[in-house]
Amino acid sequence: MVISGGTVYTPAGPKPLDVYVTDGKIERLEAWGSASDDLRVDATGLLILPGAIDVHVHSRDPGWPEKETFGSLTQAAAAGGVTTVVDMPNTLPAVDSPEILRAKVERAQSQAVVDFALWGLLRTGSTQAAIEGLARAGAIGFKAYLGYAWRHSTRQVLYTMDLDDPDLEVPPGYRTLARLAPVVASTKLPLATHCEDPEILIASSQPILSYQDVLRARPAIAEGIAVAKVGALAEAHGMHIHIAHLSSAEGLAAIRRLAGSGSNVTVETCPQYLWLSDEDAPRLGTLLKMYPPVRTAADRAALREGLMRGQIGMVATDHAPHTDAEKLGTSLADAAPGNPGVQTLLLTCLELAREAGDLRLAVRWVSENPAKTLGIFPRKGAIQIGSDADLVLIDPNLRTVADLAWMRSKQRHTPFDGREFGFRIQSVYLRGEPVGPVRGQFVTP
Ligand code: NCD
Ligand code: ZN
Ligand code: ZN
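Residues numbered from 1 in each chain as written. Chains lettered and ligands numbered in written order. Predicted model: local features only at pLDDT ≥ 70, side-chain atom pairs only at ≥ 80, totals over all residues. Heavy atoms only, no water.

**Structural notes on the overall build of the protein**
When helices and strands are counted, the protein shows 14 helices and 21 strands. The dimensions of the protein, computed from C-alpha atoms along their principal axes, are 70 × 50 × 45 Å. Taking all 445 residues of the protein together, 62% fall into the buried category. Taking the intrachain contacts of the protein between residues at least 6 apart in sequence as the baseline, contacts between residues at least 24 apart amount to 73%. (Helix = DSSP H or I, 4+ residues; strand = E, 2+ residues; numbered from the N terminus. Buried < 20%, exposed > 50% of the residue type's maximum accessible area, 1.4 Å probe, protein only. Contact = heavy atoms within 4.5 Å.)

Here you go:
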C-alpha cells in the first residue's frame, strides 16, 4: 500500500512524500508522484501524522465494565487518532504482580482495536520480586499513587487515605520510593508518580461544598512538594521519574528547579489543565472534578508556557471514565474524580500547536516524546523507515465538534462537550491496516 499526496510529518518536519507500507511497517518514503494507481490511497490535501500515544488512560478493565472496557476505550482512542494506549494499573485487581499483568494482557488482546502497553503498580507493600517480575512480564513502567491507599481484601487502589482501617495499606510515601528506587533503577523503566503529597492532603482535608473547597483540600503546594521530593529521589538513585498529570504553576516551578540537576525526569500534562480553569466550575459543576484538580487561569497559562518551552514534554489525557450516576447525579463532595478524554487528545493538541504556529509541536507532545519516554521509539511515535505504520490522516480545513454523538467512550459526558476543533481525522491506520478490527498488540519497552 502507498498513501500518496499528503504532507508527511517526519521527525525532520513536514515533507511532500508518499508513504510505502509493507507488512505493517513503513518501508520507504518517496517524493510525490512515485506511486502507481492500483495501490494508491489518495491523501491529497491531508496531513499524515504518526498515530498518537496516550501514555495515561484508565481502561477500567478488568473491574468496572459499566464505566469502560478495553473495547470501548480503544474504539474511542481509534476515533481520536490514538493508535497506542498505555493503561494505568488501578484496574481490579490492580496490577501489582506479573500474574495479574499477564491476565490483563490476555483480556485486553481479546478486545483492543489499537495497540496497548501496561503500567505496573508500585505500592507500599511491593517487593523487589514483584517489581522485577512486572518488568520481565513486559510492564512499560511502574505507577506510584502518592495520595491513594490500597485495600488488601479487594486488591484495589482507593481515592482516599483512610489510615485507621486495618484492611488498608497507606499510600506509598518517600520511604517506599527510596526503598524500591534501586530496584526500579535497575529495570531502567520509568516510575510514573501521582504527585499529591499525602501529608499536605491530610493537613488540608476539609468539607467540600464548593469548587473552591476542592482547590483548598488539594492545594497546588501538595504537587510542588511531591514533585520536588520525587525529583530528588530520581537524582539520588538514578531512576527515571515520570510526573503524571502536572496541574499547577507550583508543580512546574519545582520541575524548573530540577533542570540541570542531572535527574531523569519527564513530565506530562493533560488537555483539561491546558484548556479549563476554576472559572469553568459554574458551567461544568461535578464534571470538573478530577485529581489533581483543574486550578486557576494562571496555572493554565503557566502550563501552556511550560509546554511551549519544552519543560513539559508531552500531553496525555488521564482518560478516567465514571458512570453518569457517579459523575453527574451527585454532589461535588461525592462525585468520582476524572473524565473520559482519550478521543480529544490529538485534536486539542493540534489546536494548541496551530496557535503556536507549528503543528510539529503536537507530534512531539503526543507521539515522539511519549514513545521516547517509554522506550518504544522509533517503532512507535515517528514516520520513518522501519517504524510501525500507525498513521493518522487529517484534514486541516474541516472542523470537528466534540459532541456526545461523536464520542465512542462508554461514557457520554465530557468537559469538552460542544467544543469545535479546526481539524478532522479522516482515517487511521494501525500497522498498515485501517483501524477497526480487534487486532491490538501488547507493546513492551
Ligand atoms: C483517576 C481514576 O479515576 O482512575 N482519576 C483522576 O481524577 N485522575 C485516578 C488518577 O489518575 O489519579
Ligand atoms: Zn493520578
Ligand atoms: Zn490517571
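Let's pick the thread back up.
**Let's talk about the site of ligand 1**
The environment of ligand 1 is formed by 15 residues, the closest being R60, Y148, Y159, Y291 and D318. Within the backbone of Y291, an N or O atom sits 2.8 Å from a nitrogen atom of ligand 1. For ligand 1, a nitrogen atom lies 2.7 Å from a polar atom in the side chain of D318. Surface burial for ligand 1 is 100%, taken as the share of its 310 Å² of free accessible area covered by protein chains. Counting atoms within 2 Å of the grid points, the majority share of ligand 1 lands in the largest cavity. In terms of residue class, the shell around ligand 1 is made up of six nonpolar, seven polar and two charged. (Near = heavy atom within 4 Å. Polar contact = N/O pair within 3.5 Å; in protein donor to acceptor, adjacent residues only side chain to side chain. Areas by Shrake-Rupley, 256 points an atom, 1.4 Å probe, with all protein chains shown as cover. 1 Å grid on protein atoms, 1.4 Å probe; cavity = no way out; pocket = protein on both sides within 12 Å on 5 of 7 lines; lining within 4 Å. Sits in = over half its atoms within 2 Å of the grid points. Nonpolar A, V, L, I, M, F, W, Y, C, P; charged D, E, K, R; others polar.)

**Quick notes on the coordination of the zinc ion (ligand 2)**
When a metal carries six donors in an octahedron, the ideal angles between them are 90 or 180 degrees, while four donors in a tetrahedron ideally lie at 109.5 degrees. In this structure, H194 (ND1) and H245 (NE2) serve as the protein donors to the zinc ion (ligand 2), at separations of 2.0 to 2.1 Å. Bound by four donor atoms, the zinc ion (ligand 2) shows angles of 51 to 142° at the metal and therefore irregular coordination geometry. In this structure, the zinc ion (ligand 2) lies 3.9 Å away from the zinc ion (ligand 3). Of this pair, H194 sits in strand β13 (residues 191-194) while H245 sits in the loop between β14 (241-243) and α8 (249-258); the two residues are 51 residues apart in sequence, bridging distant segments of the chain. Assigned by exposure class, H194 and H245 land together as buried. (Donors = N, O, S within 2.8 Å, 3.2 Å for Na, K, Ca; no water. Tetrahedral: all angles 85-135°; square planar, octahedral: opposite > 155°, others 65-115°.)

**Quick word on the sheet that holds β13**
Strand pairing within a sheet occurs via backbone hydrogen bonds; the two strands may be parallel or antiparallel. On the basis of which strands lie adjacent, the open sheet formed by eight strands has the order β6-β7-β8-β9-β13-β14-β15-β16 and parallel pairing. Looking at strand neighbours, the two that pair on one side only are β6 (52-57) and β16 (314-315), the edges of this open sheet. Summarising the sheet, strand β9 (residues 141-145) and β13 pair through four bridges and their orientation is parallel. Each bridged residue has a counterpart across the sheet, and for A144 the counterpart in β13 is T193. (Pairing = 2+ DSSP bridges.)

Nothing here speaks to function; it is all geometry.
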